[in-house]
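Summary of the model geometry
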Amino acid sequence: MPKPRHPLRDAGTDRAASRSVPDTPQTRSSAYRLAFLDEDFMCRQELRPVRLQLELLKPEMELDAHGIRSTVVLFGGARVPRPAEKDEAKTPYLAALSRFYDEAREFARLMTLKSNEEPGENVIVTGGGPGVMEAGNRGAADAGGMSIGLNIVLPHEQAPNTFVTPELCFNFHYFAIRKMHFLMRARAVCVFPGGFGTMDELFETLTLIQTGRMQRIPLLLFGEEFWNEILNWEALSRAGTISREDLDLFRFVETAQEAVDLIDAWEPAPPRSEIPGRQDPRL
């Protein structure tokens, strides 16, 4: 623990002292526990604002401590199999998607080689789980670099994949705070085929960029055939629920190298000042 910068007794000292008090009915009472050491108290409904703040603050402080300034985000399905295991996939379509495991791994490797030249920049971040997430962290490890994993507690609890840098492996209770950490330092977002979770992350990012709440960055969708079969983008535009210009907020790519080249050539753009096709509510 860092040395305190004030003359007052610090919390760490009191934490240690609280473990050596006499054993009495009073000291065994939950009321006697220091509030920040009382897990039952910290999990009370009234403490939700504090827990939200802690989940925002802890990863932020750790990433700062490791000098992480910018990240490259990989979203994608947990069920996408490793190519060596594609014959065990539940459907032929899922087996065919195994090629994106290799593309995600290669993309992360290439970006991490660049990151190694500029430590703290373009660090790969994934959801820390299996499938495409594992491929991303694995590619970073192939290049001898670090990568981040943002796990979340689920009913079917999964362990983080073994390629995440241990010091940068975080676990979340709140989806909303986890999403913030995905995007707060993002220089680019790459989205691979996936299911509901991947769609949620894709549309959250698209909405932030579309509405000007987030600066435009490369938003790359791997596998045009997959995305065009799953989502009818043109129908959204024809219906007028999005504008034609909204279709320019993302690009399709097929290979790792294509994605790297697009990111390298990207010209920074400011956030949108207005949403095309939407009437100004002040009029």
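These lines cover the structure that appears in this document, whether it is placed above or below. (Residues numbered from 1 in each chain as written. Predicted model: local features only at pLDDT ≥ 70, side-chain atom pairs only at ≥ 80, totals over all residues. Heavy atoms only, no water.)

**Focus: the overall build of the chain**
To be explicit about the condition: Secondary structure elements follow DSSP: runs of H or I no shorter than four residues count as helices, runs of E no shorter than two count as strands, and numbering proceeds from the N terminus. Each residue gets one of three labels from its accessible area relative to the maximum for its type: buried under 20%, exposed over 50%, partly exposed in between, using a 1.4 Å probe on protein chains only. What makes two residues a contact is simply this: any of their non-hydrogen atoms within 4.5 Å. Computed by Shrake-Rupley with a 1.4 Å probe, the accessible areas treat only the displayed protein chains as cover when residues are assessed. Counted as positive: Lys and Arg. Counted as negative: Asp and Glu, with His and the chain ends omitted from the count. Charge positions come from single atoms, namely NZ of Lys, CZ of Arg, CG of Asp or CD of Glu.
Assigned secondary structure in the chain consists of twelve helices and seven strands. Along the three orthogonal principal directions, the C-alpha set of the chain runs to about 70 × 60 × 40 Å. Looking at the chain as a whole, 41% of its 283 residues are labelled buried. Pairs at least 24 residues apart make up 66% of the contacts formed inside the chain by residues separated by at least 6 positions. As displayed, the chain offers around 16,600 Å² of accessible surface, 54% of which is attributable to carbon and sulfur atoms. Mean positive and mean negative side-chain charge positions of the chain (33 and 41 charges, respectively) differ by 6 Å.

**A look at the sheet that holds strand β3 (residues 147–152)**
As a reminder, the rule being used: Pairing between strands is defined by DSSP: at least two bridges between them are needed. Convention adopted: a line fitted to C-alpha atoms gives each axis, helices being fitted over their contacting stretch, and angles between N-to-C directions are expressed from 0 to 180 degrees.
Here we have seven strands laid out as an open sheet, ordered β4-β3-β2-β1-β5-β6-β7, and parallel in their pairing. The outermost strands of the open sheet, each flanked by one partner alone, are β4 (169–172) and β7 (251–253). Taken pair by pair, the neighbouring strands of this sheet meet at an average axis angle of 25°, ignoring direction. Sitting on the sheet, helix α7 (residues 132–142) touches β1 (71–75), β2 (123–126) and β3, and the angle it makes with β2 is about 160°. Packing against the sheet, helix α8 (residues 175–184) makes contact with β1, β2, β3, β4 and β5 (186–191), and its axis sits at approximately 165° to β3.

**Quick look at the packing of aromatic side chains**
We apply this condition: Only centres within 6.5 Å qualify two rings of Phe, Tyr or Trp (six-membered ring in Trp) as a pair; their planes then separate them into stacked at under 30 degrees, edge-to-face at over 60, and tilted for everything else.
Within this structure, the stated rule accounts for eight aromatic pairs. With centroids separated by 6.4 Å and ring planes inclined at 90°, the aromatic side chains of Tyr93 and Phe226 adopt a geometry described as edge-to-face. Of the two residues, Tyr93 is situated in helix α5 (residues 92–96) and Phe226 in helix α10 (residues 224–230); the sequence distance between them amounts to 133 residues. Using a relative accessible area of 36% as the deciding quantity, one classes Tyr93 as partly exposed. Classification of Phe226 as buried rests on a relative accessible area of 8%. Taken together, the aromatic side chains of Phe203, Trp233, Phe250 and Phe252 make up a single cluster linked through ring pairs.

**Section: helix α9 (residues 196–210)**
What counts here: By definition here, a helix of n residues has an expected span of 1.5 Å times n minus one. What the arc covers is the set of directions going from the helix axis to the C-beta atoms.
Over its 15 residues, α9 runs 20 Å from end to end, which matches the ideal 21 Å to within 8%, given 1.5 Å per residue. Along α9, the positions that sit buried rather than exposed are Thr198, Met199, Glu201, Leu202, Thr205, Leu206, Ile209 and Gln210. Within α9, the buried residues cover an arc of 165° as seen down the axis, which keeps them to one side. At its buried positions, α9 is contacted by β1, α8, β5, β6 (219–222), α10 and α11 (233–239).

**Quick look at the nonpolar core**
To keep things clear, this is the line we draw: By convention a nonpolar core is built from buried Ala, Val, Leu, Ile, Met, Phe, Trp, Tyr and Cys residues, the set being connected through side-chain atoms within 4.5 Å.
In this structure, Phe107, Ile148, Val189, Leu219, Trp227 and Trp233 are the most contacted members of the largest nonpolar core, which totals 61 residues. With seven residues, the top contributor of residues to this core is helix α6 (residues 99–117). The contact partners of Trp227, leaving out residues within four places of it in the chain, are Val191, Phe192, Pro193, Thr198, Met199, Leu202, Leu221, Phe222, Trp233 and Phe252.

**Remarks on the environment of Phe75**
Within the secondary structure, Phe75 sits in strand β1. For Phe75, a relative accessible area of 3% translates into the label buried. The spacing of Phe75 and Val132 is 57 residues in sequence and 7.3 Å in space, taken between C-alpha atoms. With sequence-adjacent residues up to four places away left out, Phe75 is seen in contact with Val132, Phe182, Val189, Cys190, Val191, Phe192, Thr198, Glu201 and Thr205.

**Notes on the packing of α6 against helix α12 (residues 256–265)**
Angle between the axes and distance between the axes are the two parameters that describe a pair of packed helices. The cut-off we apply is this: Roughly parallel refers to an angle under 35 degrees, roughly antiparallel to one over 145, roughly perpendicular to one between 65 and 115, and oblique to any angle outside these ranges. Whether a crossing is left-handed or right-handed is set by the direction in which the near helix is turned from the far one by less than a right angle, anticlockwise for left-handed and clockwise for right-handed. Three residue categories are used. Nonpolar comprises Ala, Val, Leu, Ile, Met, Phe, Trp, Tyr, Cys and Pro, charged comprises Asp, Glu, Lys and Arg, and polar comprises the others, including Gly.
Remark: α6 packs on α12, axes separated minimally by 8 Å, with the N-to-C direction vectors making an angle of 40°. As the angle between them shows, α6 and α12 are arranged oblique. Once α6 is placed against α12, the crossing between them reads as right-handed. Where α6 abuts α12, its residues Glu103, Glu106, Phe107, Leu110, Met111 and Lys114 lie against Ala256, Gln257, Ala259, Val260, Ile263 and Asp264. Of the residues assigned to the contact of α6 with α12, the class counts are seven nonpolar, one polar and four charged.

**Focus: the pairing of β3**
To keep things clear, this is the line we draw: Crossover handedness is defined here as right-handed if the route from the first strand over the helix to the second strand goes clockwise, with the strands pointing away from the viewer.
With six of six residues buried, β3 is to be regarded as a mostly interior element. Burial along β3 is two-sided: Ser147, Gly149 and Asn151 facing one way and Ile148, Leu150 and Ile152 facing the other are all buried. Pairing of β2 with β3 involves three bridges; the strand directions are parallel. Residue pairing in the sheet places Val125 in a bridge with Ile148 of β3. Assessed by its sense of winding, the connection that carries the chain from β2 through α7 to β3 is right-handed. In this sheet, β4 lies alongside β3 in parallel orientation, the contact comprising four bridges.

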